[in-house]
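Understanding the architecture of this molecule
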Amino acid sequence: GFRVVAARLVEEAGIEPMLHRTFVAPLMDGDRVVGVITESKAGREAITARRVIDATGDADVAHRAGAPTHLAPREQLMAASVMFHLAGVDKRAFLAGVADDPQTYRDWSGNGEWNIETTGKEDDMYSPFLHKPFKAALDAGLIPAHLTTIAGTWGAVHDSGELTYMNLVHLAGIDGTDPDDLTIGEIEGRRQAMHALTALKEFTPGCDGARLRNFGMTLGVRDTRKVSCEYDMTADDVREQGRFEDSIGIFPEFIDGYGILIIPTTGRYFHVPYRSMLPQGVGNLLVTGRAIGGDKTSHAAVRNMMCCAVAGQGAGVAAAQVARSGESFSGIDLAAVQRELRRQGARID
């Protein structure tokens, strides 16, 4: 549904959509990005632009334009995921099983990669967590003995029998900038998802008649390159309510990754600074989404989808302003950007 609405918004704004193209290289004028080269089924195109936003998630444009980026070794990156949905689930029986054995965030600890640091307030909170079916399947020899990290969360169970957003398969050692790793991850992840289904059918109430409905469209990658920006966010910023004069939005104290889980229940929040989207050494370019400047802990916060939306709105408003005014991204009238964000209903302070 969102995709339908998003396309309508693009059309109503007079934007020319250019889908089904893959970024190949930036067009450079000295140290300024002035467009991109793409490939598609129609061949190669050069698309010039007054201003460029890198929203690839992997900092592809910034990296190839020469901006300093850093990519941790495979073994230090967050795990990738293969998401899937099920059909044929008995909703009443499934929810009765959940009620009989409710899980909390405390139960995440001691389960392979699911060892987490919390603030304590999370520990007794209900969590839609599944681990016991996979432990039982391992003990029974129903799934391969090495699959000790299958565990995670479900999203919703529907009257139609759909059990959605199954976030159970976690693949360590996947570099999302390496196509060979992505290939291995998709194939192995789908294989593990079928093992997870076997365990659910055998050991989860209401799932004995479950069947695979669909996989996610692609491998879920949480962590690749990060750009060194005019300001790189820190663990203190996201854990201690960082405040910035150049804020382009706020995000609650929600940290999920690198062994930390803090759920946003207190009203605490941090500012997302404009400078964290302004890459060093390259002009005419903003980076938005999960690749913005920061350390590991800050990435565990800003990589969340809603924070990517906050940063994306700020980047879009900034690009629109400089395209009209002729300003540079580094010399922007930030007060004007903040006024427009407020007019749009965004909260920035």
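A few points on the structure. (Residues numbered from 1 in each chain as written. Predicted model: local features only at pLDDT ≥ 70, side-chain atom pairs only at ≥ 80, totals over all residues. Heavy atoms only, no water.)

Residue placement: Asp295 occurs in the loop between β17 (285-287) and α7 (296-302). In this structure the C-alpha to C-alpha distance between Asp295 and Asp232, which are 63 residues apart in sequence, comes to 7.0 Å. Reaching out from Asp295, the side chain makes a polar contact with the backbone nitrogen of Ala235 at a distance of 2.9 Å. From its side chain, Asp295 meets the backbone nitrogen of Ser298 in a polar contact 2.9 Å long. (Helix = DSSP H or I, 4+ residues; strand = E, 2+ residues; numbered from the N terminus. Polar contact = N/O pair within 3.5 Å; in protein donor to acceptor, adjacent residues only side chain to side chain.)

What follows deals with the sheet that holds strand β2 (residues 32-40). The sheet built from three strands is open, its strands ordered β1-β2-β3 with antiparallel pairing. Two strands lie at the open edges of the sheet, namely β1 (22-29) and β3 (43-48), each paired on one side alone. Geometrically, the sheet is characterised by an average inter-axis angle of 25 degrees between neighbouring strands, direction not taken into account. (Pairing = 2+ DSSP bridges. Axes fitted to C-alpha atoms, helices over the stretch in contact; angles between N-to-C directions.)

This next bit is on the packing of aromatic side chains. Going through the model one piece at a time under the given rule, you end up with six aromatic pairs. Ring centres of Phe94 and Trp154 lie 5.0 Å apart, and the angle between their planes is 85 degrees; this geometry places the pair in the edge-to-face category. Of the two residues, Phe94 sits in helix α3 (residues 91-100) while Trp154 sits in the loop between β8 (152-153) and β9 (156-157), which places them 60 residues apart along the sequence. The same class applies to Phe94 as to Trp154, namely buried. Taken together, the ring pairs in this structure connect Tyr105, Trp108 and Phe129 into an aromatic cluster. In this structure, Arg190 packs its charged tip against the face of Phe215, placed 5.7 Å from the ring centre. Sitting over the face of the ring of Tyr269, Arg243 holds its NZ or CZ atom 4.2 Å from the ring centroid. (Phe/Tyr/Trp six-rings, centres within 6.5 Å; stacked < 30°, edge-to-face > 60°. Buried < 20%, exposed > 50% of the residue type's maximum accessible area, 1.4 Å probe, protein only. Lys NZ or Arg CZ within 6 Å of the ring centre and 35° of its normal.)

Right, let's get into a nonpolar patch on the surface. Taken together, the side chains of Tyr165, Met305 and Met306 define a hydrophobic patch exposed on the protein surface, amounting to about 380 Å² of accessible area. With respect to the secondary-structure elements, Tyr165 resides in strand β10 (residues 163-171). (Patch = residues over 30% accessible without salt bridge, like charges linked within 9 Å, V, L, I, M, F, W, Y side chains within 5 Å. Areas by Shrake-Rupley, 256 points an atom, 1.4 Å probe, with all protein chains shown as cover. Salt bridge = Lys/Arg side-chain N within 4 Å of Asp/Glu carboxyl O.)

Looking now at the pairing of β2. Across seven bridges, β1 lies against β2 in antiparallel orientation. Of the residues in β2, the one forming a bridge with Phe23 is Thr38. Remark: two residues form the turn of the hairpin made by β1 and β2, two consecutive strands paired antiparallel; Gly30 in that turn has positive phi of roughly 70 degrees. Here β2 pairs with β3 via six bridges, running antiparallel. Opposite Thr38, over in β3, you have Glu45 as the bridge partner.

By the secondary structure assignment, Arg303 is in the loop between α7 and α8 (305-325). The class of Arg303 is buried, set by a relative accessible area of 16%. A polar contact of 2.7 Å, which involves the side chain of Arg303, links it to the backbone oxygen of Asp256.

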